[in-house]
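# Summary of structural features
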Amino acid sequence: MASVPDGDSGPARRRAVPPSTKPVPRVRMPAAQRREQLISIARQIFAERGFDATSIEEVAARAKVSKPVVYEHFGGKEGLYAVVVDREVRALLDRITTALTAGHPRELLEQAAMALLSYIEEDASGFRVLVRESPLLSATGNISSVLNDVAHQVEHILGAEFKSRGYDPKLAELYSQALVGMVALTGRWWLEVRRPRKETVAAHLVNLAWNGLSHLEAKPGMITVRGR
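Residues numbered from 1 in each chain as written. Predicted model: local features only at pLDDT ≥ 70, side-chain atom pairs only at ≥ 80, totals over all residues. Heavy atoms only, no water.

As recorded by an unreviewed UniProt entry, the protein carries the name TetR family transcriptional regulator and is attributed to Micromonospora sagamiensis.

Okay, structure coming up:
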């Protein structure tokens with residue numbers, strides 16, 4: 001049988017070569033990168049639904065991995081949640097403590113209020129994780145632990161201020177808890193409504209805390225914005 005010469009346009013030469021059906025090998029994500037991916041996905045789901053309504057199945061599905069991969073990294077939903085919450089606690093505390101740089105007590109109030117409101121504005125998912133109720137949260141693993149840490153710092157500041165003014169410094173703890181709690185609860189409200197602007201919210205918070213109901217300013221501003 002004669003062979004088909006090169007360049008022949010016969011049927012044998014015109015037949016299309018079938019595409020390769022060999023699967024493309026899947027690139028395995030490094031363990032550290034996979035862990036960060038799972039934390040990021042879980043953080044979003046916990047923020048959206050809370051602990052109880054979140055499942056390992058959904059975390060795995062969004063990450064396009066099997067459930068055993070999630071268990072391998074965190075041991076279960078409880079372990080994954082603990083990691084997410086711990087990161088948010090440290091992030092918020094670092095943000096607030098870094099912001100407290102002024103020496104004047106009123107400026108410190110402004111800075112603390114703005115730091116919390118900025119965190120809510122820029123990282124709403126993280127704040128939602130912290131404020132959602134969970135049976136797993138301990139006294140050192142939720143928004144209360146962050147606020148307690150901040151209140152302790154405010155307490156030292158107020159204690160010195162009270163002493164210089166002849167007030168009982170033992171009351172500084174009470175006032176610090178009241179001030180920080182007021183800002184935090186207002187922050188939870190502002191998380192949903194997002195109005196007025198955070199600078200306006202902070203100014204009114206400081207107005208109440210600094211001036212009291214009997215001496216409220218009609219149009220309060222902030223020292224850190226307008227200058228002394």
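## Details of the overall build of the protein
The test is simple: Here a strand is any run of E in DSSP of at least two residues, a helix any run of H or I of at least four, and the numbering for each starts at the N terminus. All accessible-area figures derive from a Shrake-Rupley calculation using a 1.4 Å probe, and residue coverage is judged against the displayed protein chains alone.
Check the secondary structure of the protein and you find 11 helices and 0 strands. Along the chain direction, N to C, the helices and strands of the protein fall in the order α-α-α-α-α-α-α-α-α-α-α. Accessible surface, the protein as shown: approximately 13900 Å² in total, 55% of it carbon and sulfur.

## Focus on the layout of surface pockets
The test is simple: Only protein atoms enter the calculation, which uses a 1 Å grid: trapped sets of points that fit a 1.4 Å probe without letting it out are cavities, open sets showing protein on both sides within 12 Å along at least five of seven lines are pockets, and any residue with an atom within 4 Å of a point is a lining residue. Grid points are joined across faces, edges and corners, and a volume is the space filled by probe spheres set on the points. Lys, Arg, Asp and Glu make up the charged group, whereas Ala, Val, Leu, Ile, Met, Phe, Trp, Tyr, Cys and Pro make up the nonpolar group; the residues left over, Gly among them, are polar.
Considered as a void within the structure, the largest pocket measures approximately 600 Å³ in volume. As for the largest pocket, its lining consists of 26 residues, of which L109, L158, L179, A209 and W210 are closest to the centre. The set of elements that each furnish at least two residues to the lining of the largest pocket consists of α6 (105-122), α8 (143-165), α9 (172-193) and α10 (198-211). Of the residues assigned to the lining of the largest pocket, the class counts are 23 nonpolar, 1 polar and 2 charged.

## A word on the packing of aromatic side chains
To be explicit about the condition: Only Phe, Tyr and Trp rings are paired, with Trp represented by its six-membered ring, and only when their centres lie within 6.5 Å; those with planes under 30 degrees apart are stacked, over 60 edge-to-face, the remainder tilted. Per-residue accessibility, obtained with a 1.4 Å probe over protein chains only, is compared with the maximum for each type, and a residue is labelled buried under 20%, exposed over 50%, and partly exposed between these values. Counting as a charge over the ring demands two things of the Lys NZ or Arg CZ atom: a distance within 6 Å of the ring centre and an angle within 35 degrees of the ring normal.
Taken as a whole and judged by the stated rule, the model has 6 aromatic pairs. Between the aromatic rings of F162 and Y175, the centroid separation amounts to 5.4 Å while the plane-to-plane angle is 80°, which identifies the pairing as edge-to-face. With F162 in helix α8 and Y175 in helix α9, this pair connects stretches of sequence that are 13 residues apart. Take Y175: its relative accessible area is 42%, and that puts it in the partly exposed class. Ring pairs connect the aromatic residues F46, F51 and Y81, which therefore count as one cluster. Over the ring of F51 we find K77; its NZ or CZ atom is 4.3 Å from the centre of that ring.

## Things to note about empty space enclosed by the protein
One pass over the structure, following the stated rule, counts 1 cavity of 30 Å³ or more. Roughly 30 Å³ of internal volume is contained in the largest cavity. In terms of lining residues, the largest cavity is bounded by L109, A113, L179, M182, V183, L205, V206 and A209. Of all the elements in the fold, those that place two or more residues in the lining of the largest cavity are α6, α9 and α10.

## Considering a nonpolar patch on the surface
Just so we agree on the cut-off: Patch membership requires more than 30% relative accessible area and the absence of a salt bridge. Residues of like charge join within 9 Å; the nonpolar side chains Val, Leu, Ile, Met, Phe, Trp and Tyr join within 5 Å. Salt bridges, as used here, are contacts in which a Lys or Arg side-chain nitrogen is within 4 Å of a carboxyl oxygen on Asp or Glu.
On the surface, L171, L174 and Y175 cluster together into a nonpolar patch covering about 290 Å² of accessible area. Looking at the element boundaries, L174 is found in helix α9. Classification of L174 by relative accessible area gives exposed; the value is 54%.

## A closer look at the nonpolar core
Note the cut-off: In this text, buried Ala, Val, Leu, Ile, Met, Phe, Trp, Tyr and Cys residues form a nonpolar core when linked through side-chain atoms within 4.5 Å. Every residue pair with non-hydrogen atoms within 4.5 Å of one another is taken to be in contact.
Judged by nonpolar contacts, the single largest core of 60 residues is most densely connected at F46, V59, V70, L80, L92 and F127. With 10 residues, α6 is the largest single contributor of residues to this core. Residue contacts for L80: discarding those within four places in its chain leaves L38, I39, A42, F46, I56, V59, V70 and F74.

## Comments concerning the pattern of salt bridges
In this structure the tally under the stated criterion is 15 salt bridges. R62 is paired through a salt bridge with E48; the nearest N and O atoms lie 3.4 Å apart. Placement of the pair is R62 in helix α3 (residues 56-63) and E48 in helix α2 (residues 31-53), with a sequence separation of 14 residues. Across the pair D86 and R90 runs a salt bridge whose closest N-O atoms are separated by 3.1 Å. Of this pair, D86 and R90 both sit in helix α5 (residues 77-99), separated by 4 residues, roughly a single helical turn. Residue classification places D86 among the partly exposed residues on the basis of a relative accessible area of 40%. Linked through salt bridges whose partners overlap, the residues forming this network are E48, R49, E58 and R62.

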